[in-house]
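The lines below spell out each chain.
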Amino acid sequence: MSRTRIKICGLTRPQDVRAAVAGGADAIGFVFYPPSPRAVSIEQAAELVALLPPFVVSVGLFVNPAPGEVEAVLARVPLQLLQFHGDESESDCARHGRAWIKAARMRPGVDLLEFAASYPRASGILVDAFVDGYGGGGKTFDWALIPAGFTRPLVLSGGLDADNVVDAVRRIRPWAVDVSSGVESAKGIKDADMIAAFIAGVRHADG
Ligand SMILES: O=C(O)c1ccccc1NCC(=O)[C@H](O)[C@H](O)COP(=O)(O)O
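Within any chain, residue numbers begin from 1 and follow the written order of that chain's sequence. Only residues with pLDDT of 70 or above have their local features reported here, since the model is predicted, and side-chain atom pairs are shown and tallied only from 80 upward, although totals for entire chains, interfaces and linings are computed over all residues. Note that the side-chain values use all heavy atoms of the structure and ignore hydrogens as well as water.

### A short note on the site of the ligand
Whether a residue is near a molecule or strand depends on its heavy atoms: if one lies within 4 Å, it is near. The immediate surroundings of the ligand are formed by 25 residues, with S36, D128, G136, D178 and S181 found nearest. N or O atoms closer than or at 3.5 Å make up a polar contact, with two conditions inside protein: a donor-capable atom paired with an acceptor-capable one, and, for residues adjacent in sequence, both atoms drawn from side chains. S36 has a polar side-chain atom sitting 2.7 Å from an oxygen atom of the ligand. Note that an oxygen atom of the ligand is positioned 2.9 Å from one of the backbone N or O atoms of S180. Expressed as a share of its isolated accessible area of 520 Å², the protein-covered part of the ligand is 99%. For the shell around the ligand, the elements supplying multiple residues, two or more each, are β1 (5-9) and β8 (176-179). Residue-level accessible areas treat just the shown protein chains as cover; the underlying method is Shrake-Rupley with a 1.4 Å probe. In DSSP terms, a helix is any run of H or I states spanning at least four residues, a strand is any run of E spanning at least two, and both are numbered starting from the N terminus.

Put into structure tokens, the structure is as follows:
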């Protein structure tokens, strides 16, 4: 059984990037959505991404980006993976010459199979709670909304923390887990001990 990959999202400080990398994160997410308290500027992101060693994936997160917005970031920030967390179409996501994942904001009535089928070129599907502000809400959703036998690489997200991630991994066996609020002392301020506890939980669940 392959180990569950771990994405830590919404980093804004060098010390937090170092802590996430040291803790064993597989991917680090940077938010390019200005209304988010975790949003970073292009200059900030360039400095933070430069701290990443090989084999730690840099992820850029966008919500309904305006024309040219993604390209302006990519011109200065070497992002390896894009994450679209808004109402973007498949073509909106696929036009940037980078691998990308699409977030599904889960609530009763969402047909994840139908959703995923409308994003055939996505490298993976991230499932998150349906929260105000599109994401980063620190809320879980009903994991029973995830159909058994979902075959696309699934990134489980939404309200995860060290207390629930063991159960989440054991129940869902996602390709990856993603966390923001659950490893923070304040929005955008990560806590190294909380990161370590979260990652230890994932490793424990992987067995
Ligand atoms: O993190 C944000 O502030 C954010 C804002 C708008 C859209 C998406 C956002 N984050 C995307 C992520 O991938 C988060 O890690 C995900 O929503 C889970 O957040 P949390 O429930 O706080 O762990």
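### Here's the deal with the side chain of T12
Relative to the helices and strands, T12 is located in the loop between β1 and α1 (14-23). There is a polar contact of 2.7 Å between the side chain of T12 and the backbone oxygen of G188.

### A word on the nonpolar core
In this structure, F30, L112, I125, V127 and L156 are the most contacted members of the largest nonpolar core, which totals 57 residues. Here, two residues are considered to be in contact whenever any of their heavy atoms come within 4.5 Å of each other. Among all residues touching F30, those that are not within four sequence positions of it are L11, V17, V40, L48, V49, L52, V59, G60 and L61. In this description, a nonpolar core means a group of buried Ala, Val, Leu, Ile, Met, Phe, Trp, Tyr and Cys residues linked to one another through side-chain atoms lying within 4.5 Å. Here the term buried applies to any residue with accessible area under 20% of the maximum for its type, exposed to any over 50%, and partly exposed to those in between, with areas from a 1.4 Å probe on protein chains only. With eight residues, the next largest nonpolar core counts A27, L81, I101 and L126 among its residues.

### A word on the UniProt feature "domain: N-(5'phosphoribosyl) anthranilate isomerase (PRAI)" (unreviewed entry) in the protein chain
UniProt positions are given in the numbering used here, feature names are shortened, and annotations may be inferred rather than shown by experiment. Under the present numbering, the feature "domain: N-(5'phosphoribosyl) anthranilate isomerase (PRAI)" (unreviewed entry) in UniProt falls on residues 6-199. As a span, residues 6-199 carries 26% helix and 23% strand, and end to end its C-alpha atoms are 7 Å apart.

### A few points about the sheet that holds β8
Strand pairing is defined by DSSP finding a minimum of two bridges between the two strands. Reading around the barrel, the eight strands line up as β1-β2-β3-β4-β5-β6-β7-β8 and close back on themselves, with parallel pairing between neighbours. Strand-to-strand twist across the sheet, computed as the mean angle between neighbouring axes with direction ignored, equals 25°. Bridge count for strand β7 (residues 154-156) against β8 is two bridges, and the pairing is parallel. In the sheet register, L156 faces β8, and the bridge partner there is V177. Axes here mean lines fitted to C-alpha atoms, for a helix over just the part in contact, with angles spanning 0 to 180 degrees between N-to-C directions.

### As for the pairing of strand β6 (residues 124-129)
Of all six residues in β6, six are buried, a share of seventy percent or more. As defined by bridge partners, strand β5 (residues 99-106) adjoins β6 across six bridges and the pair is classed as parallel. Each residue of the ladder has a partner; that of R105, found in β6, is D128. Consider the strands pointing away from the viewer: the crossover is right-handed when the path from the first strand over the helix to the second runs clockwise. Handedness of the β-α-β unit built from β5, helix α5 (residues 112-117) and β6 comes out right-handed. Of the strand pairs in this sheet, β6 and β7 are connected by three bridges, and their pairing is parallel. Along β7, the bridge assignment pairs I125 with L154.

### Quick notes on the pairing of β1
The buried fraction of β1 amounts to four of the five residues, a majority that puts the element mostly inside the structure. Where β1 and β8 come together, four bridges link them in parallel fashion. Considered in β8, the bridge of I6 is made with V177. As paired strands, β1 and strand β2 (residues 27-31) are joined by three bridges and run parallel to one another. When the bridges of β2 are listed, I8 appears paired with I28. Once the chain exits β1 it traverses α1 before rejoining the sheet at β2, and the crossover so formed is right-handed.

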